[in-house]
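Tertiary structure, described
Spelled out, the chains give:
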Amino acid sequence: MKIAGSVALALGLCLVSLGPAWADGGGGSDRTNTTVCNKGEVWDSVSQKCVKAQSGILPDKNLTDYAYALVKAGRYDEALGVLDLLQNPNTPVALNYRGYATRKLGRLDEGIGYYLKSVTLDPHYAQVREYLGEAYVLKGDMAAAKAQLQMIKQICGAVCEEYQHLAVAIADPPDI
């Protein structure tokens, strides 16, 4: 019992030390750094230059990765514009980023709708559950946020980044 208590204390201190770690748009460590271009352009990783943004200019994965880079840069409207260029906009990742960008633009219920579509396509996508939980925290629906936290725990455990971020958001919700 003494060891279990020590582990719980260590995890709690770890979570407290993170501070309010609201998600920054996602991707985690599996994403590479992407150059952010001027408005109306997208990064072409093959040619290593910015090209005019238009449908079909790059594969969907590249456009989705670039939308992520725009989200990280706080350019949410532009990220939505890039997501509009996708041949298949209904993938879990694209819907997750669309949800995040709309949420950051203050369209919370619309963002939740995109998150829910993403969850329907991939119920084991921990990142979207983190963002959905954060959206519920913003709405003040702590029961729904905690339900997402439990789903994340089932997906990747209590030590994964998504679980820790949402646990902190639940423990320290913003003043609404």
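These remarks concern the structure in this document.

Criteria and cut-off values
Residues numbered from 1 in each chain as written. Predicted model: local features only at pLDDT ≥ 70, side-chain atom pairs only at ≥ 80, totals over all residues. Heavy atoms only, no water. Helix = DSSP H or I, 4+ residues; strand = E, 2+ residues; numbered from the N terminus. Contact = heavy atoms within 4.5 Å. Core = buried A, V, L, I, M, F, W, Y, C linked by side-chain atoms within 4.5 Å. Buried < 20%, exposed > 50% of the residue type's maximum accessible area, 1.4 Å probe, protein only. Expected span 1.5 Å × (residues − 1). Arc of directions from axis to C-beta. Pairing = 2+ DSSP bridges. Disulfide = S-S within 2.5 Å. Phe/Tyr/Trp six-rings, centres within 6.5 Å; stacked < 30°, edge-to-face > 60°. Lys NZ or Arg CZ within 6 Å of the ring centre and 35° of its normal.

Our next topic: the overall build of the chain. On a plain count of helices and strands, the chain comes out with eight helices and two strands. Listing the helices and strands of the chain from first to last along the sequence gives α-β-β-α-α-α-α-α-α-α. The contacts in the chain between residues at least 6 apart in sequence include a share of 57% that link residues at least 24 apart.

Moving on, we get to the nonpolar core. Judged by nonpolar contacts, the single largest core of 44 residues is most densely connected at Val42, Leu63, Tyr66, Val82 and Tyr115. Listed by contribution, the elements that provide at least two residues to this core are strand 1 (41–44), helix 2 (60–72), helix 3 (76–83), helix 4 (92–104), helix 5 (108–121), helix 6 (126–139), helix 7 (142–156) and helix 8 (161–171). Among residues more than four places away in sequence, those in contact with Val42 are Cys37, Lys49, Cys50, Val51, Ala53, Ile57, Leu58, Leu63, Tyr66 and Val82.

Moving on, we come to helix 5. Between its first and last C-alpha, helix 5 extends 20 Å over 14 residues, near the 20 Å set by a 1.5 Å rise per residue. Among the residues making up helix 5, those that are buried are Gly111, Ile112, Tyr114, Tyr115, Ser118 and Val119. Seen end-on, helix 5 carries its buried residues on one side only, within an arc spanning 160°. Of the residues in helix 5, the exposed ones pointing more than 90 degrees away from the buried face are Asp109 and Thr120.

What follows is about unusual backbone geometry. The backbone of Gln48 sits at a positive phi, close to 60°, despite the residue not being glycine. Counting through the fold element by element, Gln48 comes out in the loop between strand 1 and strand 2 (49–52). On the basis of relative accessible area, Gln48 is assigned to the exposed category, the value being 52%.

It is worth spelling out the pairing of strand 1 at this point. In the sheet, strand 1 pairs with strand 2 via four bridges, with the strands oriented antiparallel. Within the sheet, the bridge partner assigned to Val42 lies in strand 2 and is Val51. The hairpin formed by strand 1 and strand 2 contains four residues between the paired strands, and Gln48 there has a positive phi angle of roughly 60°.

By the secondary structure assignment, Asp77 is in helix 3. Under the relative-accessibility criterion, Asp77 is labelled exposed at 54%. Sequence-wise, Asp77 and Ala67 are 10 residues apart; in three dimensions their C-alpha atoms are separated by 9.9 Å.

Applying the stated rule across the entire model yields two disulfides. A disulfide bridge connects Cys37 with Cys50, and the sulfur atoms are separated by 2.0 Å. As the torsion about the S-S bond is roughly -90°, the Cys37-Cys50 disulfide counts as left-handed. Here Cys37 is found in the loop between helix 1 (2–18) and strand 1, whereas its partner Cys50 is found in strand 2, with 13 residues between them in sequence. With its sulfur 2.0 Å from that of its partner, Cys156 forms a disulfide with Cys160.

This part is about helix 2. At 3.6 residues per turn, the α-helix brings residues three or four places apart onto the same side. With 13 residues, helix 2 ought to run about 18 Å at 1.5 Å a step, and its terminal C-alpha atoms sit 18 Å apart, in line with that. Within the sequence span of helix 2, burial applies to Leu63, Thr64, Asp65, Tyr66, Ala67, Tyr68, Ala69, Leu70 and Val71. As for helix 2, its buried residues are in contact with strand 1, helix 3 and helix 4. Just downstream of helix 2 lies Gly74, where phi reads positive at about 75°.

This paragraph deals with the packing of aromatic side chains. Taken as a whole, this structure holds four aromatic pairs when the rule is applied. Here the aromatic residues Tyr76, Tyr100, Tyr115 and Tyr131 are joined through ring pairs into a cluster of three or more. Cation over ring: Arg98 sits above Tyr114, and NZ or CZ is 5.8 Å from the ring centre.

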